[in-house]
Amino acid sequence: MSVKTPSDVETQGSGTDFISLEEKIYRTIEMLKSAREAKANAERDVVRLRETLETREEEMDSLKSELIELKRDREEVKSRVEKMLSQIDTLVGDE
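These figures come from a predicted structure and were not determined experimentally.

**Focus: the overall build of the chain**
- Scanning the chain from N- to C-terminus turns up 1 helix and 0 strands.
- Counting all 95 residues of the chain, 0% fall into the buried class.
- Summed over its atoms, the accessible surface of the chain is roughly 9,200 Å², and 58% of this surface lies on carbon and sulfur atoms.

See below:
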């Protein structure tokens, strides 16, 4: 039967503590890798979304300009039709 001295117990305890610490360090390293990968993915998504937003804003500006132009054209056509109707009323009233 062997008797364990206090230094043997400390050595064994230190060995398991070291292994436990080593495992924690490796888990931390893996978590850091995952976090960096997630950050890189998020940054790529942000760039893509900003590009999409910019494109949509350009489309919206273009559509606003087109709408303004169409409203202007509508008013011009309305004015011309009213003028023609007025002339027709004048001609019909003369008869």
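**Focus on the pattern of salt bridges**
- All told, the structure shown has 7 salt bridges when counted by the stated rule.
- Glutamate 43 is the salt-bridge partner of lysine 39, the closest N and O atoms lying 4.0 Å from each other. You can see lysine 39 and its partner glutamate 43 sitting in helix H1 (residues 6-94), 4 residues apart, about one turn around the helix.
- Residue lysine 39 is classed as exposed on the basis of its relative accessible area of 53%.

**Re a nonpolar patch on the surface**
- Nonpolar side chains collect at one region of the surface, where Val77, Val81, Met84, Leu85, Ile88 and Val92 lie side by side and expose about 530 Å² of accessible area between them.
- Within the fold, leucine 85 resides in helix H1.

Definitions and limits used
Residues numbered from 1 in each chain as written. Predicted model: local features only at pLDDT ≥ 70, side-chain atom pairs only at ≥ 80, totals over all residues. Heavy atoms only, no water. Helix = DSSP H or I, 4+ residues; strand = E, 2+ residues; numbered from the N terminus. Buried < 20%, exposed > 50% of the residue type's maximum accessible area, 1.4 Å probe, protein only. Areas by Shrake-Rupley, 256 points an atom, 1.4 Å probe, with all protein chains shown as cover. Salt bridge = Lys/Arg side-chain N within 4 Å of Asp/Glu carboxyl O. Patch = residues over 30% accessible without salt bridge, like charges linked within 9 Å, V, L, I, M, F, W, Y side chains within 5 Å.

The analysis is restricted to geometry; functional conclusions fall outside its scope.
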